[in-house]
Structures are given as structure tokens and as C-alpha cells.
Amino acid sequence: MAAPRLQPDARPLRIAIVGFGAAAQAFVPAIQANPAFELVAVVENNVQVQITARTLGVPVLGELRDLKQISKVDGVYLATPTPNHAAQCIEAFENGWHVLVEKPMAIHSADAHQMVAAARRFGKTLTVGHSHSFDEPVQAMKRIIESGEIGVVQMVNTWCYTDWVYRPRRPEELDATLGGGVIFRQGAHQVDVLRALCGGAVNTVKAKVFDADPLRKTIGAHAIYLDFVQGAAATAIYNGYSGVSSMDWTHNVSEWGYVQTPANRPWYRRPTQPQDAAQELTAKQARAKTAIPSSAPFQPHFGLTVVSGTLGDMAQTPEGLRIATAEGEREMKLTNSQSPRDLVLVELAQTWRNNVPGWHDGQWGYENLRICEAALASARSGREHVLSDSKHTV
């Protein structure tokens, strides 16, 4: 990783991790390699997971309130279950800490509204991530759009087919009322990417969702259509029922940048009997240790994303982007010296040190959540959902 240099008089930002599942464990190498940050504690209430956390050589605490015994904490990374986010976020602000919170940022946009308002009330910053618009290919696509090379964006389509439904899960990860199911947990990524590429503000949403397995009750697939204020149209297709894989369309490159051919792909197939909750939790804790790598040989591919403009198209390649215009086709090679988590920390360092909102601030995450809620409302009503305004500011 090419880490930013510290100013001569700048001390590292002191960060604590709250919740130590797969997402949190993926952040550890990035934090340890970045001189702008110092990991000072982990908060985790599961005794078995605490054993893993203690290998980091920092204090491991049982509750968020215990973190007050650690001096000069600048901010926390909340990687706890989604139902805990709002209360823990507000508690962190009350203690004078900045917050990085995992997506989805809350189980309801009303809770997200309170989180954004609390950040302003206490004079701290709220960042939502990791989400896939942090990924270098998506940021490069955004820069190309802004350069005008492919003209005005007309449509963006992002399709992702995975085994998400059958990977080890906690019960709340499957319950839409608690921020679970693919529309909130994976659609949040897709909405985030589409807003980054189509101009941010969404006018209308139309969607269908699918609960296809009576032995695994959850929203496991969706088809979402977004009409953007600036004129672009976008689709987000996600199927988590472990049929075909979208890696088949991305040169066998996985979500985290590894080549996984059909023969060597770790893939959870549909079970024939209900899964035991305790065994599933144990399997989830084991998977968390290796689920998200800290580096990879190729760019991350969250399914297939194709951008079409008035002057050309672009899509990902294993090493960058393929851009096709009237001038011909070219491949733009992108660096993979920084992982997606490294790129989160780049934004976070600027945000925390200067106490100013970044791109992926609470307002951005709040809008993403509103759109996911609108998609679910559309699916339930069978009608197009019109957002109350194009950008609802808290």
C-alpha cells in the first residue's frame, strides 16, 4: 500500500474497532500498514471471537462504554450487527469520537437520520463504508465520466450473481426488518456504485424482490430500476441463490480481486435441510478469518458493471477498465497497490484530521438507505416509488 505521509507534527489517528467479524478483520491489515492510523483497542462481546482479537496485541473490551478507559481515541469503526448501529453511533459521538460505520448504516432511514443529525450536533464526522464505490475501478469510472470522454451517461447496468443466501449468516442478516436480505446488504453496494456513476440524485425507483427458498426465508434476489434526476437510467440485478456466478462474466475474477475458476471456486450450494443456527454461527466465525483478503493480484469485481454514455461505453477488465468510443478501444491499467480498505482509510484520514465530511459521509449513506427502502416499498406495492425529493437533506 502507498500510505500517505504524515505531517511532521501529526500524530497517528487513534482508532478502535467495535465488532470483530469478517468486515472488521479485513480492515486490520490496512490499519496496521497505514502510518496515519494506530489501532488502540477492539470491542467485542463474543468470548470466542475475543480470542482472535487478542492476537492483535491491543486491549480487547466487552462493551463500547469500556472504550472510555482508552485515552485519546479519535474515532471508532462500527462493524457490529446493523440493529446496533444507530445507538452505538450516537454513543460514540457523545464521547467525542468520529465514526466509520458499516453499511447498511441502520435498519431504517429514520435511524440513519438521527445518526446524521447527531454527527452535526456533536461536531463529529460520520462516514459509511466500506462500500464498493470506494473501489479503484469505480473511482476511475467516475473520473472518466467527469472528463467527458464517453459523453453524458445514459445508462449503467450492474449485475451480480453469487451464493450470498447460503453463506453462514446470523439470523438478522436474513431479516429485512433488521436490515437483512440482499436488498439492504448487497443492494446497498449496487445503489452506492450507481449513484457514484449516474449523478447521485434518484427520482423514481421500481423493483421486484424474490424469496425463493422456503428453507431459507429471506429476500435473496432483486431487480431494481433507478431513474436519475440528471437523466440516466440504471439497473441493479442481484441473485444470491448460488446458481451461475457473475465471475463467469468477469474473467473469473472475484469480488476481492482473485481468480476463481468454476473448479476452485468456494461455493455454498442450496441445502436440502434447514441449517442449525449454532453450527452456522460457528461456521461464520471461522469464515470471517479469511473471507476478505487484504490484497489481491487483480481489481475487485462486484459483479459486472457496464457504463454507456453518448460517446462510448466502459466496463471493467481484470487489471483496469476497457473504454470503447468512436476513436477505438483502449484498456486503462489501474494500480492495485491499495486495497478497497486502504482507500477507505485515505478518505477517513482526511475526514477525521480536518473534521470535515467526505464523499461517503452520513448524508450519502442515508440517501443510499432511502433508495433501498424505496425499492422494497415498490416491490411490495407493485408500483413505481417516487422519492419525496431528489436529495433529502437531513
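Located above this text is the structure these notes cover.
Residues numbered from 1 in each chain as written. Predicted model: local features only at pLDDT ≥ 70, side-chain atom pairs only at ≥ 80, totals over all residues. Heavy atoms only, no water.

Engineer: Can you help me understand empty space enclosed by the protein in this one?
Structural biologist: Empty space left among the atoms is revealed by rolling a probe the size of a water molecule over them. Considering all chains together, one arrives at 3 cavities of 30 Å³ or more under this definition. Residue lining of the largest cavity: 15 residues in total, with Lys103, Val128, Ala188, Gly365 and Asn368 positioned closest to the centre. Here the lining of the largest cavity takes 5 residues from helix H10 (residues 362-381), the largest share from any one element. Tallied by class, residues from the lining of the largest cavity come to 8 nonpolar, 5 polar and 2 charged. By volume, the second largest cavity is sized at about 90 Å³. In this structure, the second largest cavity is lined by His132, Asp135, Pro137, Val138, Met141, Thr158, Val193, Pro300, Phe302, Gly303, Thr305 and Gln316. Top contributing element to the lining of the second largest cavity by residue count: helix H5 (residues 136-147), with 3 residues. (1 Å grid on protein atoms, 1.4 Å probe; cavity = no way out; pocket = protein on both sides within 12 Å on 5 of 7 lines; lining within 4 Å. Points joined across faces, edges and corners; volume = space filled by probe spheres on them. Helix = DSSP H or I, 4+ residues; strand = E, 2+ residues; numbered from the N terminus. Nonpolar A, V, L, I, M, F, W, Y, C, P; charged D, E, K, R; others polar.)

Engineer: For this particular structure, what's the right way to read the packing of aromatic side chains?
Structural biologist: Here the distance between the centres and the angle between the planes together describe a pair of aromatic rings. Applying the stated criterion across every chain yields a total of 6 aromatic pairs. The interplanar angle of 65° and the centroid separation of 4.7 Å between the aromatic rings of phenylalanine 27 and tyrosine 77 together place this pair among those described as edge-to-face. Highlighted residues: phenylalanine 27 in helix H1 (residues 22-33) and tyrosine 77 in strand E4 (residues 75-78), separated in sequence by 50 residues. Assigned by exposure class, phenylalanine 27 and tyrosine 77 land together as buried. Measuring from ring centre to ring centre gives 5.2 Å for tyrosine 161 and tryptophan 249, while their planes differ by 75°; the resulting arrangement is edge-to-face. Note that tyrosine 161 is positioned in strand E7 (residues 153-161) and tryptophan 249 in the loop between strand E10 (233-239) and helix H8 (277-288), a separation of 88 residues in sequence. It is lysine 142 that lies over the ring of tryptophan 359; its NZ or CZ is 5.0 Å from the centre. (Phe/Tyr/Trp six-rings, centres within 6.5 Å; stacked < 30°, edge-to-face > 60°. Buried < 20%, exposed > 50% of the residue type's maximum accessible area, 1.4 Å probe, protein only. Lys NZ or Arg CZ within 6 Å of the ring centre and 35° of its normal.)

Engineer: How should the nonpolar core be read in this particular structure?
Structural biologist: Nonpolar side chains tend toward joint burial in soluble globular proteins. Grouped together as the largest cluster of nonpolar side chains are 80 residues, with contacts concentrated most on Leu67, Val76, Val99, Met105, Leu126, Leu226 and Val307. Residues in contact with valine 76, not counting those within four places in the same chain, are Ala16, Val18, Leu67, Ala92, Trp97, His98, Val99, Leu100 and Trp352. Grouped together as the second largest cluster of nonpolar side chains are 26 residues, Phe27, Val49, Val60 and Ala79 included. (Core = buried A, V, L, I, M, F, W, Y, C linked by side-chain atoms within 4.5 Å. Contact = heavy atoms within 4.5 Å.)

Engineer: How should I be thinking about the pattern of salt bridges in this particular structure?
Structural biologist: A side chain of one charge can pair with a side chain of the opposite charge when the charged atoms of the two come close. This structure, assessed with the given rule, holds 18 salt bridges. Between glutamate 149 and arginine 330 there is a salt bridge, and its shortest N-O distance comes to 2.8 Å. Placement of the pair is glutamate 149 in the loop between H5 and E7 and arginine 330 in strand E14 (residues 328-333), with a sequence separation of 181 residues. Here glutamate 280 ties to arginine 216 by a salt bridge, and the two come within 2.6 Å at their closest N and O atoms. Pair noted here: glutamate 280 is in helix H8 and arginine 216 is in the loop between strand E8 (202-210) and strand E9 (221-228), with a separation of 64 residues, a long-range link. Each of the two residues, glutamate 280 as well as arginine 216, counts as buried. Salt bridges sharing partners connect three or more residues here, namely Arg169, Arg170, Glu172, Glu173, Arg185 and Lys284. (Salt bridge = Lys/Arg side-chain N within 4 Å of Asp/Glu carboxyl O.)

Engineer: Mind showing me how you'd approach unusual backbone geometry here?
Structural biologist: Excluding glycine, residues mostly carry a negative phi; peptide bonds, for their part, are mostly trans. For the bond from lysine 103 to proline 104, the omega torsion is -10°, close enough to zero to count as cis. By the secondary structure assignment, proline 104 is in the loop between strand E5 (98-101) and helix H4 (109-122). Look at the link from glycine 129 to histidine 130: it is a cis peptide, with omega at 5°. A positive phi angle, near 60°, is found at serine 242, a position not held by glycine. Secondary-structure assignment places serine 242 in the loop between E10 and H8. Positive phi is not limited to glycine here, since histidine 251 has a value of about 60°.

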